[in-house]
Amino acid sequence: MTYVNNAMQAITGCSEANMVGRSARSILGLSKNDRAIAGLQDEITHHGVFQGELTFRRQDGAQRAGEMSIAVIRDPGTNLAHFLCALRDITERKMAEAQ
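Here the structure is a predicted model, which is why all the values come from computation and not from measurement.

S.K.: Which residues make up the overall build of the protein, and what are the values?
M.R.: The helix and strand inventory of the protein stands at five helices and three strands. A compact globule built from 99 residues should have a C-alpha radius of gyration of about 13 Å, and the protein, at 14 Å, falls within 12% of that. Its C-alpha atoms give the protein principal-axis dimensions of roughly 50 × 30 × 20 Å. Here the protein, with 99 residues, has 25% of them falling under the buried criterion. Counting contacts in the protein only where the partners sit at least 6 residues apart, residues at least 24 apart contribute 31% of the total. As displayed, the protein has an accessible area near 6600 Å², and 50% of this comes from carbon and sulfur atoms. Charged side chains of the protein number 11 positive and 11 negative; the gap between the two group centres comes to 5 Å.

Printed below as a string of structure tokens:
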């Protein structure tokens, strides 16, 4: 992470200082072996974008449902420069759907 907004801090329970310099996978407690992560990496590699649902962990250990969108940002030479990531907590919606 190179930049974190207030919404990401609220969703994860982590401060900006605790997130900058770390990967989203480590901040969200995601495993490399998780099926959703494998799909995410495949989509980004082949299409340059990802949109999907995943389960993540807040800093306090609470498990949450999230909807994540990721886009690749390339430099003028078309080399990978950054990723732009948006995460929305959809836990309450998922709980309502389950009832």
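This is not the end of the story, as more comes after the structure.
S.K.: Can you break down the pairing of strand 2 (residues 63-74) residue by residue, with the values?
M.R.: Successive residues of a regular strand alternate their side chains across the two faces of the sheet. One ladder, built from nine bridges, connects strand 1 (residues 49-57) with strand 2; its direction is antiparallel. Within the sheet, the bridge partner assigned to Phe50 lies in strand 2 and is Ile70. In sequence, strand 2 turns back onto strand 3 (residues 80-89) through a hairpin of five residues, with Thr78 there showing a positive phi of about 65 degrees.

S.K.: Run through the pattern of salt bridges, naming residues and quoting values.
M.R.: By the definition in use, this model includes seven salt bridges. Here Arg64 ties to Asp89 by a salt bridge, and the two come within 2.9 Å at their closest N and O atoms. Residue Arg64 is located in strand 2, and its partner Asp89 is located in strand 3; the two are separated by 25 residues in the primary sequence. Where salt bridges share partners, they join Glu53, Arg93, Lys94 and Glu97 into one cluster.

S.K.: Summarise the environment of Tyr3; cite the residues concerned and give the values.
M.R.: The residue Tyr3 is located in the segment before helix 1 (6-12) in this model. With 40 residues separating them along the chain, Tyr3 and Glu43 place their C-alpha atoms 23 Å apart.

S.K.: Give a detailed account of the nonpolar core, specifying residues and quantitative values.
M.R.: Within the largest apolar cluster, 17 residues are counted, with the highest numbers of intra-cluster contacts made by Leu28, Leu40, Phe56, Met68 and Leu87. Every element with two or more residues in this core is listed here: helix 1, helix 4 (35-47), strand 1 and strand 2. In this view, Phe56 contacts Ile11, Leu28, Leu30, Ala62, Gln63, Arg64, Ala65, Gly66, Leu87 and Asp89; residues no more than four positions away in its chain are not counted.

Procedures and definitions
- Residues numbered from 1 in each chain as written.
- Predicted model: local features only at pLDDT ≥ 70, side-chain atom pairs only at ≥ 80, totals over all residues.
- Heavy atoms only, no water.
- Helix = DSSP H or I, 4+ residues; strand = E, 2+ residues; numbered from the N terminus.
- Rg over C-alpha atoms; globule rule 2.2 N^0.38 Å.
- Buried < 20%, exposed > 50% of the residue type's maximum accessible area, 1.4 Å probe, protein only.
- Contact = heavy atoms within 4.5 Å.
- Areas by Shrake-Rupley, 256 points an atom, 1.4 Å probe, with all protein chains shown as cover.
- Lys, Arg positive; Asp, Glu negative; His and termini not counted.
- Charge placed at Lys NZ, Arg CZ, Asp CG, Glu CD.
- Pairing = 2+ DSSP bridges.
- Salt bridge = Lys/Arg side-chain N within 4 Å of Asp/Glu carboxyl O.
- Core = buried A, V, L, I, M, F, W, Y, C linked by side-chain atoms within 4.5 Å.

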